Amino acid sequence: MARFDRGRDARTGFVGRAEFGRIESDVLVGNPLGDPAEREVPLYLPPGAPESAEGDLPLVVMLAGFTGRGHKYLDPHPWFRSVVQDYDRAVAAGTSPPAALLMPDCFTALGGSQYLDSSATGAYETHLMDELLPLALEQLPVDPARVSICGKSSGGFGALHLAMHHPGRFRSAASISGDCAFELSAGTEILACLRGLVAYDMDPARFLAEFRERPNLSGDGHAVINILAMSACYSPNPDSPLGLDLPMELMRGEILDEVWQRWIAFDPLRAAEHHVEALRGLELLHLECGLMDEFHLQWGLRRLVKRLTELDVPHRHLEHPGSHRGIDGRFADVLPALIRS
């Protein structure tokens, strides 16, 4: 049976306290990429939170973006405060309501799991929803009826996916620059992926072999690993040499419709149509993106907002002047809104 152990303080300098928990997963044992089944899980508890599980704090599950894990929200940079540091200061100042924060590690050797179950990566959705979250609710001083979920980029996609597919588990959900309208966000990445593969004689297996030895996201490296990772999540194929199907033909870049249809089944733009009641059941659905987003997610989000309006799904839509990167400060608005919902 999976086990979750609370840890000691992870960082000093907080008015509240930060910890590293540790979970031993059953469902991640023997995953296809050989990634660890034991994961370190950052936690934050606000000032005055009890040590025991007795309490009624709201809980916010915070999902990291592609190539990241929950630690990114806790660890400060020498030049910048972390998301949790900013939130801790806001709680201490009385400008944000207190809540517990849970920051899962669903990283994979390909850079991420999209918080999905896949034969090519592992059972990360099951791990999060059926192992980590129930165990955290048992051990943290939180109210199970006041659980929200949020994330940025792939984490925003994950927040929407999990809120749609697990109705009633989350009170509210927020996506900051989350993947949507895949033909826009993935379209240019597919072309950059092809360009990046030229140096590897258009052989994804060769790229992966070298990447595992020396991970390199420079140039088109990010696009190549991104498309390979998304293929592992959206179009796994146990019978393929790599365990996945790419959505494009390698010599001419033509989209392979049969594979692409598997991808866009996960696109929030389409998935929302099949999960209307789950979305309507949220107290708050917050969606936002920067107007200078490099992955063109601002236009995809506008399409999603139009679709949600047509489906009569209440939502909060916000645009800001930022891009895709360097916008962790957006959590200063998003976290209080989720907690108050």
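That block above? That's the structure.
So, how was this worked out
- Residues numbered from 1 in each chain as written.
- Predicted model: local features only at pLDDT ≥ 70, side-chain atom pairs only at ≥ 80, totals over all residues.
- Heavy atoms only, no water.
- Phe/Tyr/Trp six-rings, centres within 6.5 Å; stacked < 30°, edge-to-face > 60°.
- Buried < 20%, exposed > 50% of the residue type's maximum accessible area, 1.4 Å probe, protein only.
- Salt bridge = Lys/Arg side-chain N within 4 Å of Asp/Glu carboxyl O.
- Helix = DSSP H or I, 4+ residues; strand = E, 2+ residues; numbered from the N terminus.
- Contact = heavy atoms within 4.5 Å.
- Expected span 1.5 Å × (residues − 1).
- Arc of directions from axis to C-beta.
- Polar contact = N/O pair within 3.5 Å; in protein donor to acceptor, adjacent residues only side chain to side chain.
- Pairing = 2+ DSSP bridges.
- Right-handed = clockwise from strand over helix to strand, strands pointing away.
- Disulfide = S-S within 2.5 Å.

Bringing the packing of aromatic side chains into the picture now. For the structure shown, the criterion picks out 12 aromatic pairs. For the pair tyrosine 200 and phenylalanine 207, a centre-to-centre distance of 5.2 Å together with 85° between the ring planes defines the contact as edge-to-face. Classification of tyrosine 200 as buried rests on a relative accessible area of 19%. Among the residues examined, phenylalanine 207 registers a relative accessible area of 3% and is labelled buried. A connected cluster of aromatic rings, assembled from ring pairs, spans Phe157, Phe182, Tyr234, Trp260, Trp263 and Phe266.

Let us now look at the pattern of salt bridges. Applying the stated criterion to the full structure yields 24 salt bridges. Across the salt bridge formed by arginine 22 and glutamate 38, the nearest N and O atoms sit 3.0 Å from each other. Pair noted here: arginine 22 is in strand β3 (residues 17–24) and glutamate 38 is in strand β4 (residues 38–45), with a separation of 16 residues, a long-range link. Note on arginine 22: relative accessible area 35%, which makes it partly exposed.

Here we take up the environment of glutamine 298. Mapped onto the fold, glutamine 298 is located in helix α12 (residues 297–310). A relative accessible area of 5% places glutamine 298 in the buried class. Along the sequence, glutamine 298 and cysteine 180 sit 118 residues apart, while their C-alpha atoms lie 9.3 Å from each other. In contact with glutamine 298, other than residues within four places in its own chain, are Cys289, Gly290, Leu291, Met292 and Asp293.

An ideal rise of 1.5 Å per residue puts 20 Å on 14 residues; α12 measures up with 20 Å between its terminal C-alpha atoms. Residues of α12 that are buried include every one of Leu297, Gln298, Gly300, Leu301, Leu304, Val305 and Leu308, and no others. End-on view of α12: buried residues confined to an arc of 155°, all on one side of the axis. Along α12, the residues that are exposed and aim more than 90 degrees away from the buried face are Lys306, Thr309 and Glu310. Along its buried surface, α12 packs onto α4 (154–165), α5 (182–185), α10 (268–271), α11 (276–280), β11 (284–290) and β12 (316–320). Once α12 finishes, aspartate 312 follows within two positions and takes phi at roughly 60°, a positive value.

Here we take up the side chain of aspartate 245. Mapping aspartate 245 onto the fold places it in the loop between α8 (221–234) and α9 (257–264). Among the polar contacts made by the side chain of aspartate 245, one reaches the side chain of arginine 262 at a distance of 3.1 Å. Leaving out residues up to four positions away in the same chain, aspartate 245 has contacts with Ser231, Ser235, Asn237, Ser240, Val259, Arg262 and Trp263.

A few words on the pairing of β11. Most of β11 sits inside the fold, with seven of its seven residues counted as buried. Side chains of β11 alternate between two faces, with Leu284, His286, Glu288 and Gly290 and Leu285, Leu287 and Cys289 buried alike. Pairing of β11 with β12 involves five bridges; the strand directions are parallel. Bridge assignment links glycine 290 to a residue of β12, and that residue is histidine 320. As for the winding sense of the linkage, the β-α-β connection from β11 through α12 to β12 is right-handed.

Here the structure, examined in full by the defined rule, presents zero disulfides. Here cysteine 193 stays free of any disulfide, with the sulfur of cysteine 233 as its closest cysteine sulfur at 14 Å. Its relative accessible area of 1% is what places cysteine 193 among the buried residues. With no disulfide partner, cysteine 233 has as its closest neighbouring cysteine sulfur the one in cysteine 106, 11 Å distant. Note on cysteine 233: relative accessible area 2%, which makes it buried.

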